[in-house]
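Residue-level listing of the chains:
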Amino acid sequence: MTLADIGAAQVTRAIEEFDRLGRRAFLELYGFGPSRTYRLVVDGRSYDSKAVVGAAHGFLPGLRPLKPSEFSGGLDHAVKVLTDLGFRVERSSAVGTGIDAEQLVERIAKLRVASTAGGPRLYQPITLLWAIGRALRGESRLLSWEETAAALRELLTSHGLRGERPRPDYPVLALRRAGLWSLEEHTGEVPSAHGDAALLRWFAEQRPTGGLAEPVHALVAASGQARVAVIEAIVDRFFDGVDEVPLLTEVGLYEDSVADDADHGGPLTDDPALDADDGPVDPVVTAARYEKWCAAVERREAREGLRDGVRYRERTVRDPVRSGLARQAVLARCDGRCENPGCQGQPDDVTDRWKPLLEVDHVVELAAGGRDHPSRMVALCPNCHAVKTRGRSRERLREVLLEVALERHLRGPGRA
């Protein structure tokens, strides 16, 4: 049997299993990563189209689910199966061309917000960070008003430290006015973010779906660099004197993956040239990105009380956002090769996304006084990483790698 043998009944069973297990468990069960290019939409809910088709194949009599590497999620394969069966599939990446990270940061800087003696109110930043966390996890852009209101009430109650009321209608309407939020499936004119009973009545009667505006959602879902730039802009403007870590943790943004670009979940073809995420990258662009990542790392160090990597006030040792930024910088710098000058040859094999088998590591562990900074981190193949971690020559190797990390950092990517 082939993909063409999959019917609506098998797809429906896969969707039901997706709903029962939850997105993360479903993807882990079948070995897929988030699929953010094409999304299956059923009754307003969004599903990973390729993963659903792979699982649906396992509901055919006598057959097993398909692995990500066994078929394509593109228009001629998984998407065609679903659309031929009458299902709706959206191409989410197509809407991502309307705004870039710098423009989004500018919009955040211009948000109109009320202030108190302690600083700007946190209605809008809390709402934005919650929605960005959902985009990072590949969740549906649009959510029912009931689900949105319940989630935001809880966050505003827990993290509204400047007198914010648990009123999600205020920030949603304000963000819509700023062009960052959309409300759909309603009739008539949307009210402004003023008043009280009238706003509550409008949302109770209309019950709109809503979420980040399409271009904004596509950008922060796909680009790790844009996601971090936006988080940094929000924190810099709104959280002076307030610890943002508890909120970032609760909404799922205080983790290494926040700086990662979207992964579509396995190779689409057997050809690495066709399956590459991007075309060749201009060395000048790579160097500029490296500098931006390093600057963002250093800004987070300054915010957390570090000067030149030395802590002068106590705080959490590990910052996964900073670590994720530093990791991306090192991967851009290493040009896909192990940075141990004594490497005997990294494996020729690659990951499912045709990426080199490399692990970014702190030369000196954080607990031992190391630093989340590219000047103190290196990209190593699995063999060299094992030697550095538990080899008999590890102490000498660490001395060499410290010199290499600093030299590579000062030289920057793409420079001989």
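Now for a quick tour of the structure. (Residues numbered from 1 in each chain as written. Predicted model: local features only at pLDDT ≥ 70, side-chain atom pairs only at ≥ 80, totals over all residues. Heavy atoms only, no water.)

**Regarding the overall build of the protein**
Point 1. Within the protein, the regular secondary structure consists of 17 helices and 12 strands.
Point 2. Buried positions account for 48% of the 416 residues belonging to the protein.
Point 3. Put simply, of all contacts in the protein between residues at least 6 apart along the chain, 71% involve residues at least 24 apart.
Point 4. Working note: accessible area of the protein is about 20,200 Å², and carbon and sulfur atoms make up 51% of it. (Helix = DSSP H or I, 4+ residues; strand = E, 2+ residues; numbered from the N terminus. Buried < 20%, exposed > 50% of the residue type's maximum accessible area, 1.4 Å probe, protein only. Contact = heavy atoms within 4.5 Å. Areas by Shrake-Rupley, 256 points an atom, 1.4 Å probe, with all protein chains shown as cover.)

**Some words on the pattern of salt bridges**
Point 1. Using the criterion set out here, one finds 30 salt bridges in the structure.
Point 2. Note that arginine 134 and glutamate 139 form a salt bridge whose closest N and O atoms lie 3.1 Å from each other.
Point 3. In this structure, the salt-bridge partner of arginine 322 is aspartate 372, at a minimum N-O distance of 3.5 Å. Within this pair, whereas arginine 322 is found in helix H15 (residues 320–334), its partner aspartate 372 is found in the loop between strand E11 (359–362) and strand E12 (377–380), the two being separated by 50 residues in sequence.
Point 4. Aspartate 372 gets classed as buried once you look at its relative accessible area, which sits at 1%.
Point 5. When salt bridges with common partners are traced through the structure, they connect Glu232, Glu244, Arg299, Arg300, Asp319, Arg322 and Asp372 into a single cluster. (Salt bridge = Lys/Arg side-chain N within 4 Å of Asp/Glu carboxyl O.)

**Topic: the nonpolar core**
Side chains of a nonpolar character, in soluble globular proteins, are inclined to be buried together.
Point 1. If you look at the biggest cluster of nonpolar residues, it comprises 77 residues, and the most contacted ones within it are Leu104, Leu129, Ile234, Phe239 and Leu253.
Point 2. Of all the elements, helix H6 (residues 123–136) adds the most residues to this core, at 9 residues.
Point 3. Ala14, Ile15, Leu66 and Leu82 belong to the second largest nonpolar core, which has 24 residues in total. (Core = buried A, V, L, I, M, F, W, Y, C linked by side-chain atoms within 4.5 Å.)

**Description of unusual backbone geometry**
Point 1. A positive phi angle is found at glutamate 185, which is not glycine, with a value near 60°.
Point 2. As for its position among the elements, glutamate 185 is in the loop between strand E7 (181–184) and helix H9 (197–206).
Point 3. Of note, the phi angle at aspartate 335 is positive, near 60°, even though the residue is not glycine.
Point 4. Assignment of secondary structure puts aspartate 335 in the loop between H15 and E11.
Point 5. Accessibility expressed as a relative area gives 66% for aspartate 335, which makes it exposed.

**Concerning helix H2 (residues 23–30)**
Point 1. Within H2, burial applies to Arg23, Phe26, Leu27 and Tyr30. With its buried residues spanning 95° around the axis, H2 presents them on a single face. Along H2, the residues that are exposed and aim more than 90 degrees away from the buried face are Arg24, Glu28 and Leu29.
Point 2. Considering only its buried residues, H2 is in contact with helix H1 (8–21), strand E1 (38–42), strand E2 (45–48) and helix H3 (49–57).
Point 3. Among the residues trailing H2, glycine 31 stands out with phi positive, at a value near 80°. (Arc of directions from axis to C-beta.)

**So, the sheet that holds strand E8 (residues 209–212)**
Point 1. Strand order in the open sheet made by the 3 strands is E6-E8-E7, with antiparallel pairing throughout. Only two strands of the sheet have a single neighbouring strand rather than two, namely strand E6 (143–144) and E7.
Point 2. Here 4 bridges tie E7 to E8, and the two strands are oriented antiparallel to one another. Across the sheet, the residue bridging to leucine 183 is glycine 210, located in E8. (Pairing = 2+ DSSP bridges.)

Fair warning: the whole summary comes from geometry, so function is off the table for now.
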